[in-house]
Every structure is written in C-alpha cells, then in structure tokens.
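Breakdown of the fold
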Protein chains: 4
Amino acid sequence: MNLAETYLNIRQHTATICEPLQTEDYVVQPVVDVSPPKWHLGHTTWFFETFILKLNAVKYEVFDENYNFVFNSYYETVGARVIRTDRGNLSRPTVQDVYRYRAYVDEAMVRFLACEVSDEVKALITLGLNHEQQHQELLCYDIKYILGHNPLFPAYATENIECNLTAGGSGFAAINEGVYEIGYAGKDFCFDNELGRHKVYINSFEISKSLVSNAEYLEFITQGGYQNFKFWHSEAWDWVRNNDINAPLYWHLVDEQWFRYDLQGLNPINMDEPVCHISFYEAWAFAAFKNMRLPTEFEWEVASAELDWGKLWEWTESAYLPYPNFVKAPGAIGEYNGKFMVNQKVLRGASVATSPGHQRFTYRNFFHANLRWMYSGIRLVK
Amino acid sequence: MNLAETYLNIRQHTATICEPLQTEDYVVQPVVDVSPPKWHLGHTTWFFETFILKLNAVKYEVFDENYNFVFNSYYETVGARVIRTDRGNLSRPTVQDVYRYRAYVDEAMVRFLACEVSDEVKALITLGLNHEQQHQELLCYDIKYILGHNPLFPAYATENIECNLTAGGSGFAAINEGVYEIGYAGKDFCFDNELGRHKVYINSFEISKSLVSNAEYLEFITQGGYQNFKFWHSEAWDWVRNNDINAPLYWHLVDEQWFRYDLQGLNPINMDEPVCHISFYEAWAFAAFKNMRLPTEFEWEVASAELDWGKLWEWTESAYLPYPNFVKAPGAIGEYNGKFMVNQKVLRGASVATSPGHQRFTYRNFFHANLRWMYSGIRLVK
Amino acid sequence: MNLAETYLNIRQHTATICEPLQTEDYVVQPVVDVSPPKWHLGHTTWFFETFILKLNAVKYEVFDENYNFVFNSYYETVGARVIRTDRGNLSRPTVQDVYRYRAYVDEAMVRFLACEVSDEVKALITLGLNHEQQHQELLCYDIKYILGHNPLFPAYATENIECNLTAGGSGFAAINEGVYEIGYAGKDFCFDNELGRHKVYINSFEISKSLVSNAEYLEFITQGGYQNFKFWHSEAWDWVRNNDINAPLYWHLVDEQWFRYDLQGLNPINMDEPVCHISFYEAWAFAAFKNMRLPTEFEWEVASAELDWGKLWEWTESAYLPYPNFVKAPGAIGEYNGKFMVNQKVLRGASVATSPGHQRFTYRNFFHANLRWMYSGIRLVK
Amino acid sequence: MNLAETYLNIRQHTATICEPLQTEDYVVQPVVDVSPPKWHLGHTTWFFETFILKLNAVKYEVFDENYNFVFNSYYETVGARVIRTDRGNLSRPTVQDVYRYRAYVDEAMVRFLACEVSDEVKALITLGLNHEQQHQELLCYDIKYILGHNPLFPAYATENIECNLTAGGSGFAAINEGVYEIGYAGKDFCFDNELGRHKVYINSFEISKSLVSNAEYLEFITQGGYQNFKFWHSEAWDWVRNNDINAPLYWHLVDEQWFRYDLQGLNPINMDEPVCHISFYEAWAFAAFKNMRLPTEFEWEVASAELDWGKLWEWTESAYLPYPNFVKAPGAIGEYNGKFMVNQKVLRGASVATSPGHQRFTYRNFFHANLRWMYSGIRLVK
C-alpha cells in the first residue's frame, strides 16, 4: 500500500467511526476533556493543511482562513479582537462544512502525493496519520461520553468495538530479576517518547495473565472499598468524596441491580468482562484492597510477551517521564510529547478503541490519575 | 381569531424565528443564561403537554416519557439514576425529534380545542401562549448570542428585527407631582406581577423622550467612564474589573474603529441608533456620568403615554418586588413570577424582539443587574 | 458634653467592646464578611487621621506611612510592589501597635479639638464618630462569629448584650391608608441615605407587635420549611441547598436537642426569645409559611411609633434604593452610601448591638439577602 | 545523650524557632499550604499525647479533650455537630494555652521515659521526634511566608539560617554507567519511603557541583524565560499565566531594581547566592533554557558523595513513587508516607532550614510541582 492509499484509508476510518452519529452529536462538549467530534474532524485536517500543504504544496489555497483559529488548540487573536473559542460553544462551521473541508484537503493531499515527496515530508505525513489515529481513539471515548451522559441513553451501534471484551488468560507469569532493555528498537514509526532505548534493572515479580473482571471489582464495591480511606492515596480520597464516586464510570445502580451504559444503551453488567473506565486512583485502591500492586511500565514492557494484551489500556504505577536519552525534536513537532511529562500516569498496552496497526508493546499512553473516560483496566502484580 | 387559530399562529412564529438556523445552532449553550434553541422549542411544547393535554385531553398519550425530564427545568431522577441534564450537553433528542414533538402536540391541541373547553383551561392555554411568546423573545437573544460569539460571526438574516432601531423623539417630558394608579386595569391577559393595582405618590420629574444613542455612549467610553470608579456601584465596579468590561456587549475595537456584531455580521456601528445590550450597572453609571438618573418603574409607567417606547427594554432604578396586593396563584402557576422577586431590576417597555401583541405599558420585565444579552437600552430622568 | 468628650467616649466604647478578647481573637477572619477586630480598631482610627488630622491639624505627623494601605479598604500599591492585603492574613501591625496608633491619634484629636474648629470639619468628625459606631456594631457581629465558629465555643462574657432579648408586645397594630412622609426631618446627625424626605402612598395594613419567637421558628423547621421549595425564592432555594442550611446561624442539633452558641457558650435555646441570626431568605420563607409577609421599609417607618423596636434589626421587603431626592455629597464622603444601593435589602429598627444613641426610626440598615451574622429578626405583616 | 535528653532537645528547638515571633504571628494562615505556627506547636504535641501517652503512660490524663480535633488533621465531629476547623480561623486555644499544653505533655513524657520503655514504643517516639523535626522545617517556611507576605515586611531576626547561603563548588562531576544500589542501608532511623533498598541501572552523566545562582537565574528572566512557552510543561505554562508568575517567590521589582524578602526584611538581591524558592516548573524550565536537565533522584543519590549539598532542597525529575519493595507499616503509622505517592516530585539533599542531624543522602523529600515556599533550588545535569 503506497502512502496515498494509506492516507486515504486512515482518513476514511475517522469518518467511519462517526457514521452512526446524528448531526447534533458532533457539536457538544459535556466536560472539558471531551472534544466535540466535529472538532476532531477539523483539527486532524488542519494538521495536514498547516504542516504539509501550506508549507509544501505548490499554489495551495487555504480552505478558509478563519479555520486556523477554530481548529488550532490555543486562544486566538483576530486583529485586536480576542475571542475565546470554547470548542463546545461553536455551532459553526457546520458538520457539513467540516466534511467539505476534509474532502478539500484530502483531494489536495492526493494531488500532492502524486508528485515526488522528500523523506522529511513523508515522516511528517506519517506523524500526521499517527496523530489522526490517536484522535480516532479519542473520538471513540468522546462519542461514548456524549451518548452515555444523555438521559435518553441512545445506542451508538449494535455491532461495535465493545462486543468482544474478554479478561484474557489465567494465573500469573513470573519474570526474573536482571537488566533489561526498554524502549523502541525497530525501524518503523514510533513516537518520540518511546525512544532513548536504555537499560533498566528489574526485580523479580509475578504478573497476572488476566485483567481484573467486573465480578472482582464488584466485590471491592460491596465490601466498602469506596468508603475506606486506607486503600486510597490522600488526593484520591479527596477525589472520591468531592465527586461522590462509588463505582466505575457509566455504572448505574437501578433498583438494586447494576447496569452500565455501553454502546448499545443501558444494559445489565456482564460480570465476566474486564472492568473498564477506571481511574488510576481506583486501580491503585483496588490493588491495595487485594494486597497486590500495579506493575511499573518497565515491568509491563518486559512481561508483555507473556500477556494477552490489547483489550484495555492498563494503568501502571509509573509516572510519565522522559527516558534517559529523550531528545525533543526541533520546531513545532518537538512539542508533541515532552510538554506533557509531568503529573500524569503511564498506561501500557492498547484498547479495543485503538486504531488498527497502532499497537506496540513500547507504546506509552498517559492520562491524569483521575480520568476514566478512556478504555482503561487493571492488571495486578505481586 | 379563535383560540385554535391564535394557538397555531403563535406556535408557528416560534418556528419562523428559528428558520434561518443550521441544525448545529440549535444545540449549543455558550453561557448559563443562554439556552439552546432546541430546548426552547421543546420546553414550550412540554408546557402544553403537561398542563393541558395530560390533565384534560381524553386518552392523550405522551409523546415520549423521557422528555419530561429533558424539557423540565430541574435536576431529575429516573429510577435510582440521577443525571444532571445540562442543556448544552444534550445532543439528543435531535432537532428533528423536537419538531416532531411540536407537531404531535399541536395536532393534539387542535383536536382538543375543537371541543368545548372550560374558562379555567382556556386561561391556562392563554398563559401557555404568553409563556411561549416570552420564550420567542429569549430565542432572539440566545440566537444572537450563539452566532455573535462564534469567531466566524455568521449572519442570521439580512432582513431582521434590528433593521429599524431608532432612538425616538427629542427633549424631555415633564410629569407633575401627585398620586397615580399603577398596575394593570384591563380585562385581557396580563401576568400576575402586573396585578394589585394600587396608588403611588410620585414627585415631579422630567423624562427624556429619546433613548441614549451610540454616539452619546461612546463619549462615556472615550472619556474614561469604564476606568472611573466614581460612576459605579461598588459591586458594579467589581464586575467591570473582574470581567474586563470596556464597552457594550457585541462591541469590538478593530484597528481603532468600533464594530459590533449585529444579525448581519460584524459591521461598523451606526452612531445614531440607541445604545443596546447594556447592563443595569452600565446604564446607571452612564446616568451618573451625565448627572442624571434612571426612572423608577412607576415614573416610567406614568410617563409612558408621552414616550415613543418599544425599541429596547429600558432599565429602571426599581427593584423587582411584589405590588402591595400581589397574590400568588395556587399550584404550579403560582410559581410563575413570585419566586424571582429578589435581587433583580425591572425593565419597562418592550423591544424589537418582543412578540407581536405582547406590548403593554404595565408589563414588568426583570433581569439581574449584570446581564446584557437582551435588547436593553437607557432612558434618562432629571 | 462637648465634642472632645463625645469623641473620647465613643472611642473608648470601641475598646470596651474588645476588652474580653485574647490577643489571638483580634487577628482572624473566618469568612470574607467578618473583619478581624484589629482591623476595625485601625480602620476607624485611620478615618480620623486621614480625613481630619492630615488635612487640618497643624504639623501633624502621620503615625506610620504604611498603615494607610493596611487600614484602607482597597488593594494598594507601594512603589512598584503590589500586595494584596487580605485582612485575615496580616499578623502585623500587632494588637499593641494598633492600640498605640489609637492613643496617638486620640491625643492628636484632643489637641486639635482644643482649638476652634470649622462647622464643616465638625460635621466630618461627627460622621467619623457615627462611622465608628457602625463599626462597633460590626465588631459585635464579628467577635461573635469568631468565637462562635471555634470548636471550643469559648464564652465572650457572662454579662453581655444578649442577656435581655425579648420578643416585645402582642397582637397587631392597624395602620390606615394614605399619604405619609418618609425620611429624616430633624436637625441632628443622620446619614445621607435617610435624607430626601418625601411622600409615599401606603395601603392599609396590620403589623405584628412582637417579633417572631424561637418557638414559632422551630415549628417552621419541624414542619419541613427548609425542605419545601414553595416557601422560597428561586435563588434562596439554591442558597439553602448549596449550603445545607437547615436552621438559623449558631443553632446546633446535639443528640436531638437544639443548642445555640450565644456569648456565654453553647447553650440550650430559650424558646421565648425572638429568633435571631436569620437571613432575608429565611425571613421571607417563614412569612410565606405563615401566609403573611414582611413589611416594606415605608410601612415599618409609619408603624414604628406603635412598635417596641430595638432588640433586633428587622428585615423588610424593600430593596435598598435611593430616596427620590437623594443627593450624593461631593468628594470622598459622597461614596458613603450611594454606591451600595443595588442588590441589598433594607432592615429597620436597631439591635442590642447598636451603639447607645444610634437608634433612629428613619435609620436604613442594609445587607445582602443571604447574610445572617448580624442581629436580625422577623416581624410579620398581614 | 539518652532518649529523654534527645526528646527535650528537639522539643526545645521548636520553641527556639518561634522565639522571635509576636503572638499574632502564630495565628494566621495566608494560604492553604501554610499552617499557623500555633498549629505546628500543638499538632506535634498531640502526636506524643495520642500515640505514646494515651496508649502507654499509666493514669495519663488528657490535657484537654477538645484538642484532639483541633490538632488532628481531619474534619471532625463532636456529638452530632460537625465543624470544619480551618486552621487559620481558630483564635483559640491561645498561644499561651498551646505552650501550656506542650509543657504538660513534655513533663508527662519525661516521667514516662524515666521508666523502662519497650523497643517498639521507643521506635514510635523516635518517629515522633523525626515528625517534629519535619515540622520544624515547615515552621521555618511558614514563618517566612507569613512575614514575607505582610506589607510591612517585618524582619524575623538579624542572625538567621539564611545568612550563609552559598552556591557550592564549580564544574561538573562525571558518573559512570552501571548498576547502583539505592535506598537506606544503615541501622539508624529512616523513613519508610527510603527503605526497599534496590538496584537501579544508571547511564553515565555529568552533574554540576554548584547550585544555579541568582545571577544565572536573572538571565533567564531578562531573556524572556517566563514569556516563552517552549521552555515549559503544558500545565506549567498555565500556572505561569494564571498566576502572573515572573520571578521566584519573594522577589519584587522596585524602581527597576530586584529586591527580595529575606528574614531580615526587604533587601537587594545578592546575585552570588543560589536561587531559592523555585517551583519544579521553574527549575525544569530553567534547565530547558540552558539545554540541560534536572537529575533523577537516583542519579542524585549516586552522585551525592561528589557534591556539597545541604543548602537548599534540590528538585529532581523523579516522581515520588514507592521503591520496588516498599511495605506500608501496619496501623496509623502506615499512613505516614505511602498515601502521598502520586502527583508529587522528589527533592533531594537538605536545606538551611533542615533540623540538625536530619540530613541523609537517602532522604526523599517531596512537594507538588507548583510549590515554592520551601527552600528549594536547582542543580543541573548534562
């Protein structure tokens, strides 16, 4: 598959994810971490227009000058007017306008890719495509949040990514003490945060082959886990009390029975499935309740060959920090990951919402410890 | 015109206001005081379904049980599930669903009105229609806010209610001291807050025949009115500084020239028009700057025959309080106005956004002192 | 008594109020509306230094240049340094320093008053003394708040202003319809907001001769008054729920019995006393519960001769607004009252904390509708 | 020195730190991270009363039952009364009361230590003393904050801990790649977070022998470091803009010259001293500006023998996490450190405010990335 084909495939997949949506679903932003689907569609397109076409394509004419500050991520200035463009308040450009924008840029990209392209530009396009795949995953989270927080609990689609969630194997895998190499070593694309391959000393440990199930997690709930401060970090405990947290996101206790919103609507919980939509705080508290702990990201990477991973992102104990030889790329791309390397936790693996071909055992995902609208689960170590 | 015709006329006018909108415009809620147009459409319909059809129409079947807590105004409970239904976060029901809901209820109402209806129910329907007309006016404010805070400054329509704004007459009208009667005395519909007709002693005063113009207000700006605390109430001054207020809402200084968003887009300001989108705080500060003052609502009512009113709501110095003989109606309707009678200011007159046939010189509009997304202006007294 | 004697008497009374305090009690500011006693002592002194001595006394040397921005009410700038002087965060100047400051200024004032003083300056001194008396009353509120919100519930003093609280007479006084004169008409000192004597038309009404008692108010509590939205203004209801309000300030339910903090500590409630430390919201809700209403400030003034008032400030339905002929004095004194005339409610009468000789039936006290740390009570009208 | 002598020495040192204070300085809490000195005095005493005397001393009578919920750290309940005891709002117990409490407990402790004491209890007393020493250091921070944020800038004392701040050696020390042992290995007291000695693989690096000086840091300021987002983490940049940060804490630009508050008052900055009162965000941004980085805590520990450390706590890039074999102690002591191990950064070394005998190269201090009222500085690695 050549780059133009890959480009069109990935771009098409974004639209496919949005296909079941109504126009209205593209527009809203229920909480600050969730972006309107319309914004994802525009922002990923803006990436190609700004970093590829405007800089490299001959006689490229921008689709609409105003889109720059609608689909960029910062506060913006037009003349002396400063307007805060809160994403969820913007009814325009319309969904149709945004799809027109996508078609316009895609056409220009295909034209551009028909000519010779330098390796440097190719690398940038590849980054843009990986960027779009990350937004595909975020789209899945955000769409679920938008529909799952609507009091009508509308279904997304009968056939969907959640249909085959399983907890994986059983028992524990034992890993020996020693020095291991960590980080990406291949020749294909990877993000800058996976680079700086380096040695790490690992103590021996045993890691569960299965993710924690809903049944196991329910035991934590029924045994008062959310009411007992001793399982929680100090700031986790504040979070639990200030937000009245008493179950994973999307769980609802209706007439003494636990339901949860999934992409088909509000349904009874399947107890065999792995528990999902869990914050780091909850994952850590659950581990404390079981007298076990979460793996570090290094333990996870070393053990990954023994595991059946890829259903849910797995919280690790590791903070998101640069590898010893981490180097920021020059220019705008240098901002890609480094500036987020404080106060976040690493998740490893991949989830059912991860785009095809985007799974790597060196991939470092990261979120704040209180977030849980992503497909996150728990794997224990002892 | 019989009641069914009146009903359909008024209901149709709501849809007419929304006609120039895109689907996306119906959904967003940029600030808490602005409701999504979709919500207005549903809420006014819910009024007729809940208070007329469900209680009185034979065998009426509710359109959708879930709509009750989407279009009611409070937090709601379904079984044991409690979900906060922030209006601006709700993508469903869709705009099309809401129009279907309107059609369904309208059809049922027409059927219902074909039979004999008691005077009491008729009165309730009339209240519902006046309620809808109030929402028509709010719809105009909210649509303008949604489009006017979009960085693309989209036009609403070339022909619109703002096209003929004029400041009115010139000079001052003099009113004599004495006892006057205040409050509604007619036989037609009025709101409960206009009732309790009573005597008020008024001192002599002179009231301007014209509204304050943009040119006059600009003088206040250029002479440092927004920087001089002596013109402002103490909490107004906090409001000015905390929100960086330096001009009326919708005004933008672009390259040293003042523009404003109107329903046709971003345009240079017509200096002869009356200044609009002004908070009580600003109206009061402007009056202090001119060494004059705002009228009380009683002065305004007494002088109204001398004035060319109806372009903009006119801020008064009066707080929104019950008239001496104010009586709360029993039941749900009793909640209509009384519970808002604290910490708000009365505006008198009517505006270009006021629905046809909704102008009365006894009408008491009211808003918090800091709000200015409505069509509000300034009339001075000395 | 000459002015110097009056001056010293009033100044001494401020110190007398503080006599039972520990040094630590002078320093804290538990909520924004409560000022540290130390600040009251300094601020009232600063008034005389700034407006009398610095402008009029020959060769007066300021006690400490820095005190200007400690005891003024605004944020201040020294050179290029801007420091927010939150009152409750300031350990310096010490209490002893502040008393030294008072002694220094008092000495200078006595020296100044030994010479001839113009009528204009005398008027300003009289204003300063009335200003100090207002702060004496606030001192009582603030001291009670500081001690009453300490978990040790320390007593202030056995003999204190609260010892003789009685609800007053019984039955209702009837007032006839007609035009009445409102506002101060005497020759002695009054505040600018009492001036602009003017005519008001009053409808006939009956006003209770007694204040509402704790026993009556308890009935409101036990019959679910705090749980029933129909008694409350819309924003009062938000206030009740957001702050978990379920009783007057200082009331505590301990083992099924109601206690309250008074100036002697935590004690069982005397049910015959008038209910105290009530917000306007609660006063209004209680009146609605009794199917009565609060008086307007005009009704209160007209009826005052029939009432035994002066135990507690009495909430009125009236908003705090300028009288028809209100004129702002020029200069700094002009700021005294006018800038607070929005979003506040008028209270009439006086309280046990009101300084001797400060009671006038034309006196207009005012507070925001949610406040209740002052000595406020309820009188009903029907 | 026996345990009773050590006990009295350490307890006395706390009082010595407070000696220059006025009573008022003991009471205030300008920001949430700063506790009133009075609270430190009481809380450390409460530790010995609660965990030693009440559980072990024969016939010990508690000094005051109410002190438990004043000097504990949580919200508390007395009967059905729940009162939030905001530390900075509490004027009682008075400073004198607290010193009486200290004397009472000290006397009981000395009596208790005159008899045989089990090793377990001895360990707990030792923990209590180390706990008190940690509060001694916090006392220094908090006193400086209280005085340094007072607009009078009062001096603490002429002779003080800040008098001999020097930046240390020069040049860089080079450390070789390899496996190193990390964590406490001695027999004396250490905190639980230093235990779990384990191997870590370290890459070769060079570490500065001197701390960054005020002169070097000023260059960062004058070259626009606080205005250039590319040096900052994403959330650091928000912190800079939301709080208008443009210099280290306590720095003030007065008439174009930089001053800073030190314990002697407001004085010109000595440019040779190490920069102090720096947040992690700033330390990291400065390192980025110099094209270097901060050490990890493991690098720091390995290199510590080469460094002249102990003037300022040194920010590391490491997040505060448990060591591989970290074990929570059972019971209340188990809460000591583990529950803080999320979202904080490790600082290594010690500062001029660290209590005598409290310096260990394995000591792990930790603070949130935005805090800077402690004695913190910057050491770079390349």
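Just so you know, these numbers come straight off a predicted model, no measurement behind them. (Residues numbered from 1 in each chain as written. Chains lettered and ligands numbered in written order. Predicted model: local features only at pLDDT ≥ 70, side-chain atom pairs only at ≥ 80, totals over all residues. Heavy atoms only, no water.)

Thoughts on the relation of the copies chain A and chain D
Stated precisely, the cut-off is as follows: Residues reaching a pLDDT of at least 70 in both copies supply the C-alpha atoms on which the copies are superposed by least squares.
Note on the identical chains: chain A maps onto chain D by a rotation of 180 degrees and an axial translation of 0.0 Å, with an RMSD of 0.0 Å. The operation mapping one copy onto its partner corresponds to a two-fold rotation axis.

Description of the side chain of glutamate 132 of chain A
All names here are of chain A. Quick reminder of the rule: Here a strand is any run of E in DSSP of at least two residues, a helix any run of H or I of at least four, and the numbering for each starts at the N terminus. Throughout this description, a polar contact denotes any pair of N or O atoms lying within 3.5 Å of each other; where both atoms belong to protein, one of them has to be capable of donating a hydrogen while the other can accept it, and for residues adjacent in sequence the pair is counted only when both atoms sit in side chains. Throughout, a contact is declared for two residues whenever any of their heavy atoms are within 4.5 Å.
As for its position among the elements, glutamate 132 is in helix α5 (residues 119–148). One polar contact links glutamate 132 to arginine 11, side chain to side chain, over a distance of 2.8 Å. Not counting the four nearest positions on each side in its chain, glutamate 132 is found in contact with Ile10, Arg11, Thr14, Thr44, Phe48 and Arg102.

A few points about the domain arrangement of chain A
Residues and elements named next belong to chain A. Here is the rule: Marked domain ranges trace back to an automatic or database domain assignment. Accessible area that two parts lose when put together, evaluated with a 1.4 Å probe and summed over both, is termed the buried area. Between Lys or Arg on one side and Asp or Glu on the other, a salt bridge is scored when a side-chain nitrogen of the former is within 4 Å of a carboxyl oxygen of the latter.
Each assigned domain of chain A is listed here: domain 1 (3–148) and domain 2 (161–377). On a C-alpha basis, the centres of domain 1 and domain 2 stand 28 Å from each other. Listed as interface residues are 22 residues of domain 1 and, on the opposing side, 28 residues of domain 2. Among the residues of domain 1 in contact with domain 2, Glu137, Tyr141 and Lys144 are the three that bury the most area, contributing 33% of the side total. Summed over the shared surface of domain 1 and domain 2, the result is one salt bridge.

As for the interface of chain A and chain D
Defined as follows: Residues are grouped as follows: nonpolar covers Ala, Val, Leu, Ile, Met, Phe, Trp, Tyr, Cys and Pro; charged covers Asp, Glu, Lys and Arg; every other residue, Gly included, is treated as polar.
In this assembly, 33 residues from chain A lie in contact with 33 residues from chain D. Of the roughly 2,600 Å² buried where chain A meets chain D, counting both sides, 54% is carbon and sulfur surface. For the pair chain A and chain D, the interface holds zero salt bridges. At the junction of chain A and chain D, the tally comes to 10 residue pairs in polar contact (both at pLDDT 80 or more). Secondary-structure elements contributing two or more residues to the side of chain A that touches chain D are β5 (198–202), α7 (234–242), α8 (280–289) and β10 (313–319) of chain A. For the side of chain A that touches chain D, the class distribution of residues is 15 nonpolar, eight polar and 10 charged.

A look at the sheet that holds strand β8 (residues 257–262) of chain C
Residues and elements named next belong to chain C. Rules: Whether two strands pair comes down to DSSP finding at least two bridges between them. Note on geometry: axes are C-alpha line fits, over the in-contact stretch for helices, and angles between N-to-C directions span 0 to 180 degrees.
Taken together, the three strands give an open sheet; going across it, the order is β7-β8-β9, and neighbouring strands pair in antiparallel fashion. On the outer flanks of this sheet lie β7 (251–254) and β9 (265–268), each paired with one strand and no other. Averaged over all pairs of adjacent strands, the angle between their axes in this sheet comes to 35 degrees, without regard to strand direction. As paired strands, β8 and β9 are joined by four bridges and run antiparallel to one another. Paired with tyrosine 261 across the strands is leucine 266, a residue of β9.

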